[in-house]
Amino acid sequence: MENTIEAIATNKLILIFAIIGVIGIVLGRLSEILKIPDVILYLIAGILVGPAVLNIIDMNSFSVANNYILTFGSAYILFEGGKEINLRVLNKVKISVGMLATVGVIVSTIVVGVISKNVFNLPIMTALLLGSVIASTDPAALIPVFRQVNIKDKIKQTVVSESAFNDAVAAILVSTLLGVVTSGEFSAMESIKELLIAAGVGIGVGVIVGYLLTVFMSDKKIGVFHSYAPIISILKVGIAYEISVHLGGSGYMAVFIAGLISGNRKLFGIWIPEYDFQSIHHFAESVSTMFRMSIFVLLGTQVDLQALAKYWAPALLIALVLMFIARPLVILICTLFDKNANWSFKDKLFMMWVRETGVIPAALSGIIVSMKVPGYEIISSVVFMTILITLIVQASTTKIVAKKLGVLEEEKEVLNAVA
């Protein structure tokens, strides 16, 4: 009897993955035709096929699989985000990026947390947890947008680097605050210590794993596994994440740094045969897309429509606070200290506008919902509303805003030609 039940459960899980895949492919193509971010359609589809409407997908019986997709999926997307960053360009804006990824996350968390406390009448730690979940920006949303819109390289690298770094920092902060909310204990010094250890261990593990496994698939003498390059790219994520967590570090920071090393391998004198490089590239795009589909569809299935109907107005208010108060404040504070970057006011205005919320907040929200943390209905509603508003309003208007502010690379080239 137990074997039969397990077999039925396994078959149902396989069917769920198949349904997510079909939904993802169809809506991904539809998003290309309609020219809107695909994740919006995935979220809406998740609501429709979830328990709230059609009840086709219900992950309540598959909490392990659900957490695996959310955790490993977000880790893999962070790894790919790290690979997109050019260390040479990053070096020129390192102060801005460092400030945005650390101070920026804290400022956003505090601003949103304080206002959420008053709007929702939440305990301060729960309100700060809410703020930390939506404090990070999204490389999975920003990178595809910047592939379509030719933004000045300095701005693009800054915003993409910020989004990758602040995802890792926000994940660490969420983990710390989650521990406080669930245990009821808080120590400022202990929390700072845990943050530093988590980040330090994560960076160390990421560098070692990223470098060693990249060497093993290179054209060097010890690169004996280069024909298995796509598989090794998956192993980098799994090994870096697990070793870092086991040592008390941040798994998210580790996979991001491993991706950073992998993406800048030529700076370290590491070359990968062209055929194997192309294999990794195509494989990584497919895996990232599948995880993005899965995370947003699953987040949609976990949206509590009753809670959303109850909290939609204050949730919308929090989203607007994040966009029009917290984000501008973050940019003004964090770019103030970087004199070498020579940011113009229009550069700053553009960076204020591009702060899409996406995969990592979605995944963190999903974990909080699955844990049934006090206030999870409010957190889920705010995250869903923030993702929806920032993607619909900001991601879809990036090119228009960039053109108005004159931060398109092509405009620069035209101006030089005229001069």
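Above this text you will find the structure in question.
Now for a look at the structure at hand. All figures in this text were calculated on a predicted structure; none of them were measured in a lab. (Residues numbered from 1 in each chain as written. Predicted model: local features only at pLDDT ≥ 70, side-chain atom pairs only at ≥ 80, totals over all residues. Heavy atoms only, no water.)

When helices and strands are counted, the protein chain shows 18 helices and 0 strands. For 419 residues, the compact-globule formula gives about 22 Å, and the C-alpha radius of gyration of the protein chain, at 21 Å, lands near that figure. Its C-alpha atoms give the protein chain principal-axis dimensions of about 70 × 55 × 50 Å. Burial status across the protein chain gives 55% buried among its 419 residues. The contacts in the protein chain between residues at least 6 apart in sequence include a share of 82% that link residues at least 24 apart. For the protein chain, the accessible area works out to roughly 18,700 Å², and carbon and sulfur atoms hold 66% of it. For the protein chain, the distance from the average position of its 30 positive side-chain charges to the average position of its 28 negative side-chain charges is 8 Å. (Helix = DSSP H or I, 4+ residues; strand = E, 2+ residues; numbered from the N terminus. Rg over C-alpha atoms; globule rule 2.2 N^0.38 Å. Buried < 20%, exposed > 50% of the residue type's maximum accessible area, 1.4 Å probe, protein only. Contact = heavy atoms within 4.5 Å. Areas by Shrake-Rupley, 256 points an atom, 1.4 Å probe, with all protein chains shown as cover. Lys, Arg positive; Asp, Glu negative; His and termini not counted. Charge placed at Lys NZ, Arg CZ, Asp CG, Glu CD.)

What follows deals with the packing of aromatic side chains. Scanning the entire structure with this criterion turns up 9 aromatic pairs. With 6.4 Å between their ring centres and 80° between their planes, tyrosine 211 and phenylalanine 268 make a pair best called edge-to-face. Of this pair, tyrosine 211 sits in helix α9 (residues 188-216) while phenylalanine 268 sits in the loop between α11 (251-263) and α12 (274-301), placing them 57 residues apart in sequence. The class for phenylalanine 268 is partly exposed, based on a relative accessible area of 36%. Each ring, one from tyrosine 241 and one from tyrosine 252, has its centre 5.7 Å from the other, and the planes form 80°; the classification is edge-to-face. (Phe/Tyr/Trp six-rings, centres within 6.5 Å; stacked < 30°, edge-to-face > 60°.)

Tracing the backbone shows alanine 309 in helix α13 (residues 305-335). Judged by relative accessible area, which is 52%, alanine 309 ranks as exposed. Distance in space between the C-alpha atoms of alanine 309 and phenylalanine 384 is 12 Å, their sequence separation being 75 residues.

On to the packing of helix α10 (residues 229-246) against α12, then. Between α10 and α12, the shortest axis-to-axis distance is 8 Å and the interhelical angle comes to 50°. As judged from the angle between their axes, α10 and α12 are oblique. The handedness of the crossing between α10 and α12 comes out as right-handed. On α12, the residues that touch Ala229, Pro230, Ser233 and Ile234 of α10 are Asp276, Ser279, Ile280, Phe283 and Val287. Partitioning the contact of α10 with α12 into residue classes produces 6 nonpolar, 2 polar and 1 charged. (Axes fitted to C-alpha atoms, helices over the stretch in contact; angles between N-to-C directions. Parallel < 35°, antiparallel > 145°, perpendicular 65-115°, else oblique. Left-handed = near helix turned anticlockwise from the far one by under 90°. Nonpolar A, V, L, I, M, F, W, Y, C, P; charged D, E, K, R; others polar.)

Counting 141 residues, the largest nonpolar core has Leu129, Leu130, Ile134 and Phe350 as the members making the most contacts within it. Examining the composition of this core, we find that 15 residues originate from one element, helix α8 (residues 153-183), more than from any other. Contact partners of leucine 130, with chain neighbours within four places excluded, come to Val112, Ser116, Leu122, Ile318, Ile378, Ile379 and Val382. (Core = buried A, V, L, I, M, F, W, Y, C linked by side-chain atoms within 4.5 Å.)

This part covers the side chain of threonine 357. As for its position among the elements, threonine 357 is in the loop between α14 (345-353) and α15 (359-371). Take threonine 357: its relative accessible area is 0%, and that puts it in the buried class. Here arginine 355 takes part through its side chain, which lies 2.7 Å from a polar atom of the side chain of threonine 357. (Polar contact = N/O pair within 3.5 Å; in protein donor to acceptor, adjacent residues only side chain to side chain.)

Below, the discussion takes up the pattern of salt bridges. Within this structure, the stated rule accounts for 5 salt bridges. Residues glutamate 80 and lysine 83 are paired through a salt bridge, measuring 3.3 Å at the closest nitrogen-oxygen approach. Remark: lysine 83 and glutamate 80 occur in helix α3 (residues 63-83); sequence separation between them is 3 residues, near one turn of the helix. Given the relative accessible area of 14%, glutamate 80 is considered buried. Judged by relative accessible area, lysine 83 falls into the partly exposed class, the value being 24%. (Salt bridge = Lys/Arg side-chain N within 4 Å of Asp/Glu carboxyl O.)

Not every positive phi belongs to a glycine, and asparagine 55 is a case in point at roughly 60°. Mapped onto the secondary structure, asparagine 55 falls in the loop between α2 (38-49) and α3. The phi dihedral of asparagine 121 is positive, around 60°, even though this residue is not glycine. With respect to the secondary-structure elements, asparagine 121 resides in the loop between α5 (94-120) and α6 (124-133).

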